[in-house]
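# Descriptive analysis of the structure
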Amino acid sequence: SKVENVRLIIDMTDIINRRGIALKSIDAKSSGASSDNINTASIDFSVESSYETFLLFLEDMEKSLRLIDIKSLSLTPTDKVNLYNFNVKAVTFWK
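Thresholds, definitions, all that
- Every chain's residues receive numbers from 1 upward, in the order its sequence appears when written.
- In keeping with the model being predicted, local features are shown solely for residues with a pLDDT of at least 70 and side-chain atom pairs are shown and tallied solely at 80 or more, while totals for entire chains, interfaces and linings include all residues.
- The basis for every side-chain value is the complete set of non-hydrogen atoms in the structure, without hydrogens or water.
- Buried residues of nine kinds, namely Ala, Val, Leu, Ile, Met, Phe, Trp, Tyr and Cys, make up a nonpolar core once their side-chain atoms join them within 4.5 Å.
- Relative accessible area decides the class of each residue, using a 1.4 Å probe on protein chains only: under 20% of the type maximum gives buried, over 50% gives exposed, and in between gives partly exposed.
- Starting at the N terminus, helices and strands are each numbered in turn, a helix being any DSSP run of H or I of at least four residues and a strand any DSSP run of E of at least two.
- Residue contacts are counted whenever heavy atoms from the two residues lie within 4.5 Å of one another.
- Here, any two strands with at least 2 DSSP bridges between them count as paired.
- Between the first and last residue of a helix there are one fewer steps than residues, each counted as 1.5 Å, and that sum is the expected span.
- By arc we mean the arc of the directions from the helix axis to the C-beta atoms, nothing more.

### Considering the nonpolar core
Met12, Ile43, Phe45, Val47, Phe54 and Phe57 are the most contacted members of the largest nonpolar core, which totals 15 residues. Breaking this core down by element, the ones donating at least two residues are helix H1 (2–18), strand E2 (39–49), helix H2 (51–63) and strand E4 (84–94). Of all the elements, H1 adds the most residues to this core, at four residues. Setting aside its immediate chain neighbours within four residues, phenylalanine 54 contacts Val47, Ser49, Leu73, Phe86 and Val88.

Here it is in structure tokens:
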């Protein structure tokens, strides 16, 4: 639902902001409920961060109340020392 998508984005941006990560873009789309009433949403986001800080962000996401399955992750260097652009595609699940 749109409410769950908004909650997901708020939760993620809270963690991103707590870690001091630069959020470049974020997009969430509901996929609806499956036959066993499990809802899914795809989320694509891009951030700029050091590798170490991004790993801490992933640990925070792993500890969050929502189950998230990362489908793809890519990183590219930036012009700044020790900073990378991370592009993530993930799916989240809830009842």
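Now that the structure has been shown, we can carry on.
### Quick notes on the pairing of E4
In this structure, E2 lies alongside E4, joined through 11 bridges in antiparallel fashion. In the strand pairing of E4, serine 42 is matched with valine 91. Bridging between strand E3 (residues 67–77) and E4 involves 10 bridges; their strand directions are antiparallel. Across the sheet, proline 77 pairs through a bridge with tyrosine 84, a residue of E4. Taken together, E3 and the strand that follows it, E4, pair antiparallel across an intervening segment of six residues, in which asparagine 82 is found at a positive phi of about 65 degrees.

### A closer look at H2
For H2, with 13 residues, the first-to-last C-alpha span of 19 Å sits near the 18 Å given by 1.5 Å per residue. Within the span of H2, buried status applies to Phe54, Phe57, Asp60 and Met61. For H2, the arc enclosing every buried residue in end-on projection is 110 degrees, short of the 170-degree limit, so these residues lie on one face. In H2, the exposed positions angled more than 90 degrees off the buried face are occupied by Glu52, Glu62 and Lys63. Buried residues along H2 sit in contact with H1, E2, E3 and E4.

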